[in-house]
Amino acid sequence: MNNTEEIIMQHSTEIAKHEEKIKTLTEQQKEIRELAKSTNNLAIAVEKLAEQFKNVDARLGVIENDRRYRINIVWSCIVTGMIGAAITFFMTSLLG
């Protein structure tokens, strides 16, 4: 082979390598775009979840501060205590 043919072969090899690199970079760019879309979707989902959490927290605060809620809690404690005392009384009477 003469010098010109060798140079052409070298250039052809280099061009083939560059084309392969371009294909690889194009595929990586597509993967990066998909990853960016997925990250964006995740960020939107987290934002919605945070907003729902704020709403639940606000509603819970309203419920806990409601006077009727506190009265119901007190009554349930009283009733539970009375039932426990009655059971203790009857068990003591039966066994003792």
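Calculation notes
All residue numbers refer to positions counted from 1 along the written sequence of the respective chain. Local features are withheld for residues below a pLDDT of 70 in this predicted model, meaning they are given only at 70 or higher, and side-chain atom pairs are given and counted only at 80 or more; totals for whole chains, interfaces and linings count all residues. Side-chain measures were taken over the full set of non-hydrogen atoms in the model, leaving aside hydrogen atoms and water. Strands are runs of DSSP state E lasting at least two residues, helices are runs of H or I lasting at least four, and both sets are numbered from the N terminus onward. Throughout, radius of gyration means the C-alpha value; the globule benchmark is 2.2 Å times the number of residues raised to the power 0.38. Residue burial is assigned from relative accessible area. The probe radius is 1.4 Å, only protein chains are included, and a residue is buried under 20% of its type maximum, exposed over 50%, and partly exposed in between. Here the open area of atoms and residues is found with the Shrake-Rupley method and a 1.4 Å probe, where only the protein chains shown may cover a residue. As used throughout, the charge tally considers Lys and Arg to be positive and Asp and Glu to be negative, leaving His and the chain termini uncounted. Note on charges: their place is set at NZ of Lys, CZ of Arg, CG of Asp or CD of Glu. Each aromatic pair joins two rings of Phe, Tyr and Trp (for Trp, the six-membered one) with centres within 6.5 Å, and gets the label stacked for planes under 30 degrees apart, edge-to-face for over 60, and tilted for any other angle. Axes, fitted as lines to C-alpha atoms, cover a helix only where it is in contact. Angles between the N-to-C directions of the axes lie from 0 to 180 degrees. Pairs of residues are marked as contacts when any of their non-hydrogen atoms sit within 4.5 Å. When residues are sorted by character, Ala, Val, Leu, Ile, Met, Phe, Trp, Tyr, Cys and Pro go into the nonpolar class, Asp, Glu, Lys and Arg into the charged class, and all the rest, Gly among them, into the polar class. Patches were defined on residues exceeding 30% relative accessible area and lacking a salt bridge, with like-charge contacts within 9 Å and nonpolar side-chain contacts (Val, Leu, Ile, Met, Phe, Trp, Tyr) within 5 Å. Note on definitions: salt bridges are taken to be side-chain nitrogens of Lys or Arg within 4 Å of carboxyl oxygens of Asp or Glu.

**Let's talk about the overall build of the protein chain**
(1) Moving on: Helix and strand counts for the protein chain stand at 2 helices and 0 strands.
(2) Moving on: Here the protein chain has a C-alpha radius of gyration of 38 Å; the compact-globule value for 96 residues is 12 Å, and the former is much larger.
(3) Moving on: Its C-alpha atoms give the protein chain principal-axis dimensions of roughly 115 × 40 × 10 Å.
(4) Moving on: Each of the 96 residues in the protein chain was classed as buried or not, and the buried ones make up 0%.
(5) Moving on: About 9,200 Å² of surface is accessible on the protein chain, with carbon and sulfur atoms providing 64% of the total.
(6) Moving on: Once the 12 positive and 13 negative side-chain charges of the protein chain are each reduced to a mean point, those two points are 14 Å apart.

**Some points on the packing of aromatic side chains**
(1) Moving on: Under the definition given, this model contains 1 aromatic pair.
(2) Moving on: Measuring from centroid to centroid gives 5.6 Å for Phe-89 and Phe-90, while their planes differ by 65 degrees, and the two rings are edge-to-face.
(3) Moving on: Given a relative accessible area of 54%, Phe-89 falls into the exposed group.

**Remarks on the packing of helix α1 (residues 3–65) against helix α2 (residues 67–95)**
(1) Moving on: Running from amino to carboxyl end, α1 crosses α2 at an angle of 65 degrees, the nearest separation of the two axes being 5 Å. Where α1 abuts α2, its residues Ile-63, Glu-64 and Asn-65 lie against Arg-67, Tyr-69 and Arg-70.
(2) Moving on: The residue makeup of the contact of α1 with α2, split by class, is 2 nonpolar, 1 polar and 3 charged.

**Digging into a negative patch on the surface**
(1) Moving on: Among the surface-exposed residues, Glu-19, Glu-20, Glu-27, Glu-31 and Glu-34 lie close enough to one another that they form a single negatively charged patch.
(2) Moving on: Along the polypeptide, Glu-19 turns up in helix α1.

**Examining a nonpolar patch on the surface**
(1) Moving on: Together, Ile-71, Val-74, Trp-75, Ile-78, Val-79, Met-82, Ile-83, Ile-87, Met-91, Leu-94 and Leu-95 make up an exposed nonpolar region whose accessible area comes to about 1,200 Å².
(2) Moving on: In this structure, Met-82 sits in helix α2.

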